[in-house]
Amino acid sequence: MKHPTVLHIASEVEPFSKTGGLADVAGALPRALEASGFKCVVVTPLYASIDPARHGLARRLRPVTVELGDERIDVIVYEGTLRGGRVPVFLIDHEVYRRKGLCGEGGEDYPDNAKRFALLSAGALAVCDALGIEVDIVHAHDWHAGLAPVFARAAGKSSVFTIHNAAFAGRFPAADVAGLGIPPEVFEPSGEILYLKAGIVAADLVTTVSPRYARELQTEEFGGALCDFYRANKAKLSGIANGIDQATWNPATDPHLPARYSADDLDGKAMCKAELRREVGLAASATDAPDPPLFGVVSRLA
């Protein structure tokens, strides 16, 4: 039985661009699927911070024309691979991405983000068509790719939409998306559009980064004004816990640690703990415990 070809669309993909966990998943999940027999393709923007030479990217000679509603936009395409060299990555180069930030600068979003990320969604499908890649499933990640399921449905393709962080929904006034060919049913009564909501409406399946998060989104505390909407769509909403890239996050081989360790040899772990304690200025514990646990949290303040 032939495995389907999955097109992953994400605003950031490790190792090319990264602000958070989305990039890690977008860089690791396609490789894991590929190892399971699927064919995967990844499309992401070529931001100004990405050096094509450093990543071994090859520029394709012919531009690709993207039909975005009333517009026809020519984009340049660079080609590379994810870590391991098996999964192809196509990076869309256009002037709207040639800026310092990914989504904004100085704490302010770019005013044309609606068009920038609509171009990503439509452009990903256009690139695959132009290169003769037969896509079976479109996997769109977070609000930036929220219009991808909308465009996929119009093209007769199945789609999955993954919510990595529902706190950011991609809310834009209708005027910002006029002429993009977006169906009216994904607009809010106020006339605004939420790219996150558009992705949920149009996708065949919706996933989150854990089963618990899928349940939490259906509560007012975490789902906010959209909690009723999540509950109404719970039949196609599920949570799949994020895994880790075992090739990267492996303490037995990680070159960034002061010492390596494994389940069979934990000596290096004690050395790492001692070095972390020294680095952050934690004195030895005054408790009676001979080896008190050390806890750390990696998170964000927003």
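Scroll up for the structure.
On a predicted model such as this, the values are computed, not experimentally measured, just so you know. (Residues numbered from 1 in each chain as written. Predicted model: local features only at pLDDT ≥ 70, side-chain atom pairs only at ≥ 80, totals over all residues. Heavy atoms only, no water.)

### Observations concerning the overall build of the protein
Broken down by element type, the protein carries 8 helices and 14 strands. Over its C-alpha trace the protein gives a radius of gyration of 21 Å, about what one expects of a compact globule, namely 19 Å for 302 residues. Summarising its shape, the C-alpha atoms of the protein cover approximately 70 × 50 × 50 Å along the three principal directions. Every one of the 302 residues in the protein was classed for burial, and the buried ones make up 45%. Sequence separation of at least 24 residues holds for 59% of the intrachain contacts in the protein that already meet a minimum separation of 6. (Helix = DSSP H or I, 4+ residues; strand = E, 2+ residues; numbered from the N terminus. Rg over C-alpha atoms; globule rule 2.2 N^0.38 Å. Buried < 20%, exposed > 50% of the residue type's maximum accessible area, 1.4 Å probe, protein only. Contact = heavy atoms within 4.5 Å.)

### Describing the pairing of strand β2 (residues 39-45)
For β2, the buried fraction is high: 6 of the 7 residues fall into the buried class. Across 5 bridges, the pairing between strand β1 (residues 5-9) and β2 is parallel. Looking at β2, one finds that V6 is bridged to C40. For the crossover from β1 across helix α1 (residues 21-35) to β2, the handedness is right-handed. Bridge count for β2 against strand β6 (residues 88-93) is 4 bridges, and the pairing is parallel. (Pairing = 2+ DSSP bridges. Right-handed = clockwise from strand over helix to strand, strands pointing away.)

### Some points on the pattern of salt bridges
The final tally for this structure, using the stated rule, is 14 salt bridges. The partner of E14 in a salt bridge is R83, and the shortest N-O contact between them spans 2.5 Å. Note that E14 is positioned in the loop between β1 and α1 and R83 in the loop between β5 (71-81) and β6, a separation of 69 residues in sequence. (Salt bridge = Lys/Arg side-chain N within 4 Å of Asp/Glu carboxyl O.)

### Focus: the side chain of E188
Of note, E188 is situated in the loop between β11 (171-172) and β12 (193-194). A relative accessible area of 16% means that E188 is categorised as buried. The contact partners of E188, leaving out residues within four places of it in the chain, are L194 and K197.

### A short note on helix α8 (residues 267-279)
The terminal C-alpha atoms of α8 lie 19 Å apart, and with 13 residues this matches the ideal 18 Å at 1.5 Å per residue to within 8%. Every buried residue belonging to α8 is among G268, C272 and R277, and all of these are buried. Positive backbone phi, at 80 degrees, marks G281, one or two positions downstream of α8. (Expected span 1.5 Å × (residues − 1).)

### Brief notes about a nonpolar patch on the surface
Together, L276, V280, L282 and L294 make up an exposed nonpolar region whose accessible area comes to about 320 Å². Tracing the backbone shows L294 in the segment after α8. Residue classification places L294 among the partly exposed positions, given a relative accessible area of 31%. (Patch = residues over 30% accessible without salt bridge, like charges linked within 9 Å, V, L, I, M, F, W, Y side chains within 5 Å. Areas by Shrake-Rupley, 256 points an atom, 1.4 Å probe, with all protein chains shown as cover.)

### Details of the side chain of H139
On the secondary structure map, H139 appears in strand β9 (residues 137-141). Apart from the residues within four sequence positions on either side, H139 is in contact with V6, L7, H8, I9, L29, V160 and T162.

### Examining the pairing of strand β10 (residues 158-163)
Most of β10 sits out of view: 5 of its 6 residues are buried. For the segment spanning β9, helix α3 (residues 148-154) and β10, crossover handedness is right-handed. For β10 and strand β13 (residues 205-208), the ladder comprises 4 bridges, and the chain directions are parallel. The partner of I163 across the bridge, within β13, is T208.

### Some details on the state of the cysteines
Here, disulfide denotes a covalent bond that connects the sulfur atoms of two cysteines. The final tally for this structure, using the stated rule, is 0 disulfides. The cysteine C128 is free of any disulfide, with C40 supplying the nearest cysteine sulfur at 11 Å. (Disulfide = S-S within 2.5 Å.)

### Here's the deal with helix α4 (residues 195-202)
Taking burial as the measure, the 8 residues of α4 include 7 buried ones, the bulk of the element. Turning to α4, its buried residues are Y195, L196, K197, A198, G199, I200 and A202.

### Considering the layout of surface pockets
In this structure, the largest pocket encloses a volume near 1,400 Å³. As for the largest pocket, its lining consists of 48 residues, of which D24, G243, I244, D245 and W249 are closest to the centre. Elements with a contribution of two residues or more to the lining of the largest pocket: α1, β10, β13 and α8. Looking at the lining of the largest pocket element by element, the count peaks at 8 residues for α1. The residue inventory of the lining of the largest pocket, partitioned by class, reads 23 nonpolar, 15 polar and 10 charged. Estimates place the volume of the second largest pocket at around 1,000 Å³. Lining the second largest pocket are 32 residues, with T19, G20, N165, F168 and R300 positioned closest to its centre. Sorting the residues of the lining of the second largest pocket by element identifies α1, β7 (104-105), β8 (108-109) and β11 as the ones contributing at least two each. (1 Å grid on protein atoms, 1.4 Å probe; cavity = no way out; pocket = protein on both sides within 12 Å on 5 of 7 lines; lining within 4 Å. Points joined across faces, edges and corners; volume = space filled by probe spheres on them. Nonpolar A, V, L, I, M, F, W, Y, C, P; charged D, E, K, R; others polar.)

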